[in-house]
Structure formats: structure tokens, C-alpha cells
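# Remarks on the overall topology
As a plain string of letters, each chain reads:
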Amino acid sequence: MSDIIEYKCPACAGKLEFDSKAQKMKCPFCESEFEVESLQAHDSALDNIKDDEMTWEKPAGSDWKDGETDDMHVYTCKSCGGQIITDSTTSASKCPFCDNPVVMSGNFTGDLKPDYIIPFKFDKEAAKKALNKHIEGRKLLPKVFKDQNHIAEIKGVYVPVWLFNADAEANMLYKGEKLRQWSDNNFRYVERNFYSVSREGTIRFEQVPVDGSSKMQDVLMESIEPFDFKEAVAFQTAYLSGYMADRYDVSAEDSISRANDRIKKSTEQIMDSTVQGYDTVSRESGNITLNNAESKYALYPVWLLNTSWNGNKYTFAMNGQTGKFVGDLPVDSTAATKWFIGITAAVTAICFGISLLFGLM
Amino acid sequence: MKIKNLAASAVSICLMFSAAFAVSSSYKSPLISLEASAEYEFELIDETKTSENVDAIEEYDYNEYNFEENAFQDNDDTYQGYGEYDVSTYESGTASYNPVTAFIISLIIGLLAALVAVSVMKASMRSVHRKAGAMDYRMESNLKLERNHDTFLGKKVDKTPIARANPPQGPNISMKR
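From a predicted model like this one, the values you see are computed outputs, not experimental measurements.

## Overview of the overall build of chain B
When helices and strands are counted, chain B shows three helices and four strands. Helices (α) and strands (β) of chain B occur, in sequence order from the N terminus, as α-β-α-β-β-α-β. For chain B, the residues scored as buried account for 11% of the 177 residues in total. Here the analysis covers contacts within chain B between residues at least 6 apart in sequence; of these, 73% occur between residues at least 24 apart.

## Here we look at the nonpolar core
With 78 residues, the main nonpolar core has Tyr158, Val159, Tyr300, Val302 and Ala317 of chain A as its most contacted residues. By residue number, the principal contributor to this core is strand β8 (residues 155–183) of chain A, which donates 13 residues. Residue assignment places this core across two domains, with domain 1 (1–48) and domain 2 (52–330) of chain A each supplying three or more. Counting 14 residues, the second-largest nonpolar core is a separate cluster that includes Val347 and Cys351 of chain A together with Ala102 and Ala113 of chain B.

## Thoughts on the interface of chain B and chain A
If you look at the interface, chain B gives 64 residues, while chain A gives 76 residues. Looking at the side of chain B that touches chain A, the element that brings in the most residues is strand β4 (residues 144–161) of chain B, giving 18 residues. Of the residues that constitute the side of chain B that touches chain A, the class distribution is 33 nonpolar, 16 polar and 15 charged. In the sheet, strand β9 (residues 187–211) of chain A pairs with β4 of chain B via 16 bridges, with the strands oriented antiparallel. Across the sheet, Glu200 of chain A pairs through a bridge with Arg147 of chain B, a residue of β4 of chain B.

## Remarks on the pairing of strand β4 (residues 72–77) of chain A
Residue and element names in this part refer to chain A. With five bridges joining them, β4 and strand β5 (residues 83–87) adopt antiparallel strand pairing. Within β5, the position partnered with His73 by the bridge is Thr86. Here β4 folds back onto β5 in antiparallel fashion, the turn holding five residues, of which Gly81 has a positive phi close to 80 degrees.

## Things to note about the environment of Gly277 of chain A
All names here are of chain A. Locating Gly277 in the fold gives a position in the loop between α5 (252–273) and β12 (280–309). On the basis of neighbour counts, which here come to 10 C-beta atoms within 10 Å, the residue Gly277 falls in the exposed class. On a C-alpha basis, the gap between Gly277 and Lys178 in space is 7.9 Å, while along the polypeptide they are 99 residues apart.

## Section: unusual backbone geometry
Residues and elements named next belong to chain A. Residue Pro226 follows Glu225 across a cis peptide bond; omega there is 5 degrees. Within the secondary structure, Pro226 is located in the loop between α4 (218–223) and β10 (233–234). With a phi close to 50 degrees, Asn292 is a non-glycine residue in the positive phi region. Along the polypeptide, Asn292 turns up in strand β12. With 11 C-beta atoms counted inside 10 Å, the residue Asn292 sits in the exposed group.

## Here we look at helix α3 (residues 99–123) of chain B
Given a rise of 1.5 Å per residue, 25 residues ought to cover 36 Å, and the 36 Å separating the end C-alpha atoms of α3 of chain B matches this to within 8%. Three or more residues of α3 of chain B are buried, namely Ala102, Ser106, Ile109, Gly110, Ala113, Ala114, Ala117, Val118 and Met121 of chain B.

## Digging into the confidence of the model for chain B
Residues and elements named next belong to chain B. Mean pLDDT over chain B: 64, with 39% of residues reaching 70 or higher. By mean pLDDT, strand β2 (residues 72–73) is the weakest element of chain B at 44, and α3 is the strongest at 92. Here residues 26–38 is modelled with pLDDT under 50, and outside its nearest four sequence neighbours on either side it reaches 16 contacts, counting other chains as well. When the criterion is pLDDT under 50, residues 56–93 qualifies, and its contacts beyond four places in sequence or with other chains add up to 47 contacts.

Rules of the game
- Residues numbered from 1 in each chain as written.
- Chains lettered and ligands numbered in written order.
- Predicted model: local features only at pLDDT ≥ 70, side-chain atom pairs only at ≥ 80, totals over all residues.
- Helix = DSSP H or I, 4+ residues; strand = E, 2+ residues; numbered from the N terminus.
- Buried ≥ 20, exposed ≤ 12 C-beta atoms within 10 Å, placed from the backbone.
- Contact = placed C-beta atoms within 7 Å.
- Core = buried A, V, L, I, M, F, W, Y, C linked by C-beta atoms within 7 Å.
- Domains from an automatic or database assignment.
- Nonpolar A, V, L, I, M, F, W, Y, C, P; charged D, E, K, R; others polar.
- Pairing = 2+ DSSP bridges.
- Expected span 1.5 Å × (residues − 1).
- pLDDT = per-residue confidence, 0-100.

Now the structure itself:
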């Protein structure tokens, strides 16, 4: 005996029954009526939805040429274990991530050669100005924090990032609902029309970056996005002169899940935006497949400043290409209390004065 | 700059409440006396005079009106009735100003305004946020929509009775013919 196919009501999720009079599927609970064929098509589309296929094939980076790394030195931070790469003309004394002393541990060897690099467009002076602008006028910022900030110690660092390119092919199924309302002398009517909405399309994403350094906070790197990849150039060691470069310690494979999350989220948003003309829309199911998926290895320019206050570490970062500056600032609880009391007193006085004038309350 | 915005927000809140106070002050509360009067004049014709007069008297049933008896005064040939009625009269008075209540309400407004202002100031100290998607890296207008189907499944109609007030009733006047 074959399995009995059960259809669920799109309106209330109750079990539908066939109404021989209307020759339609009818819900005994909410009395909605549905066309058999369209309901069958919607149900089979729901069953045929596959899992996401988000795999990346081509490896990122390339091998160094002979002699290319001869003038590159590696400094190691004994505190956080971070490894900084500089060229022979640049020396590093402090770790840009934890501000502790670094020592040169030898010449650079191994690792992949970056495919691209975005050169710094903002110099150290611009970074200092941006930091001053970032903290000026902040009434809740502790004065001591401002005074103790070692602004001169802001460092230019090339941060390793994995870049992901892919064609995201989405196959989505939605349930749309249109409402129509009218009334006569005795009744108010609400008609709910249900639709099965299917969308299939492809969206191209290029150079989605994922931080390849465990020392650099991912959230900080994402906060200074976007970087304009049009200004990226093929990597040359000459660009490292005067700056430090962080050595990647998160592999491309380990960064894939973050790239997939970001691409999936945006693909779903874009596909959702194509469903229009409905009063309510709900996503029933969907899957995303990545085609032509490849990753690249690049170095992105970041100005970094680490400082500590009251035992907490604060890191500020500026996009070395666009000048976007971010960094959470500490809140002086005493200043916050003073402002709270001051505003309360001022507003209370104003309101009380108004009530006296108008004789209210 | 952000502090100026905060101050502007606080002032806006104050102005909003001030406006509300001003509007409420122009509204007369039921405590203020509500007095209305109506003057009615009736001419009663001596029923003994003519048949025409009799018809005129029968046209109205005065018993249906709840007028006081002394509203009618006897004259020789005609009755002239004057009645003055207060529809409703309350003790007149004004809402008294209570400075303690006014201060408490002002303090509550002040605390709320300060809470909002300081919360906004604290939020402005944070600028590090995780990116949810990859919209910045989407190739512009390259969405290739290969399937775009909308299929009608069915419908449901809900019917709700419209609540009606009681039908309006006319004046309680009985007509005698």
C-alpha cells in the first residue's frame, strides 16, 4: 500500500482534506481552500530542496621565488607569540597587537607568498589625526586615558587576509500572503490569498575578506571594512618597507566557514528582496550552491594602536586605504554619573518651572 | 557634536512635555462648572373658546413633558408658561496646583531624559561591530534571476460582524390624533 500524502494548510499548518464538492483541498480547522495542483507543486518543491553546497576548490597564495625572502626578517613576540615580518630596512621593537617587546628570530622562510597587496594610502600623521578626532569631544572618556595614550606608538601593519570569490547560486522557496479587506452593512471581510513563491538566481561575490591572523581581532578587521580591491596590486616585497607585516596563522580552510556565513547571509537578503507585492512573506526553505569558488591571499593595510587603562586592553584600528577609524573607548563611570545628575537636575528644573508658569499639575 | 545632539534631544523632550502641558491647560476639565439653561414659552389657549383652539390643545400632550406645574400661570384667556431649567449644574471650581506632584512628575521626566541621554553617550563610545554579510563585495547589479514563479495556492475569507450601537431614539413625544 502506497504512502498517503498529507498536505499541510499554508494558513494554519493543519492537515488538509479533499472537499469533493469544491474539488479542492480544504482545511477543516480554518476553512481555507487550496488548488490541488499548485499545492502539490509547492509541496514537491519543499521536498526537493537540497543542502547548501559551499565548497572552495582553488588554493590561495603561491610559492616564493628563490632569494625573494632573503631580506625579510621575522620578529617574535614572547608575550602573545605573534610573528611580525619586516624587510631589512625596517626594525620592529614592539608587538603591534599586544605592545610588548619583540625580538628578531631570524630570516623569513616558509609560508605562502601573498597574491595581492593594498598599499598604505594614509601615513602615520593622518593616523594620529584620525585617532585624535576619534577621541575628541567624548564627554564620558576618562581624561587620564587621553593623557596616557601613546599616540606616537601607532604602527602600520599589513594584516593577512584570505579573499573569497564565488558565484552564489540560490534556490529559494517562500510563502507569500496578500490581504484584501472590505465590508458591507453587517460584516467586515478579510481575504487572505496564499502564494507559493520560488526564486532561483546567481549572484557574484568578489574579494570577500576573512582575517588570517589570530592576533588581530576579526571584529576589528570587519569594522574597518570595506577595502577597495581595485587598488590592490600584485605583491612585491618593496611595499613592506617602513611597515610590519603579520604572518598568517589561520589557514584559508579555517577561514571558509566565516566567508560562507557572510556570503549566505547576503545571498538570502538579495533573494528576499526580489519577492515583492505581498503583505507578508516567509521563507519556507532554500539552498545555496557556490560555483567558481576560489580564494586568494592578500595583505591589507591597517594602522594599529594598543593601549591599556584600568587593567583593560583597548585596540584602535584605522583602514590604511580609506582612513576609517574604529575602536571602543572606555567609559568613565564618574563622568557618566555627573552627566546623569546634571541632565536630571536641568530637565527637572525646566519642567518644574514650566509647571509653575502655567499652573499645571 | 554628539553632545550637542544629546542636548537637543533633551530639550526636545522638554518642549514636547511643555507642549503637552500647554494643550492640556487649554482643555477644560469637568471640574469647571458646566451650566446650561433653556427658556421655553408656551401659549395655552382657553379650551372653551373655539373648536380650532381645542384642536390646537390636543396636538400636544403636555403630560409627557416633565415640566413643573408652577411653570404655568393662569391668565384670563390664555396661559403663559415660563420655565427656566438648569440641565446640569455642578459646583464651580478650578483644579488646584500641587507643587509636590508637579515636582515629582518633573523629576521623573528629568530622570528619563538623563537616562536616554547618557545611554546614547555610552553607545557612541562603541564603534566596533561585526559585519553580518558581504554586501560590500557583491558585484553591482549582477543578479541573474533564472526562475521567478508566483503560484496561487488558495484563499481564506474571514467574516467578522460589525458591532453597532443601539439605534438612535427620537424625542419622547407622543402624538395624539
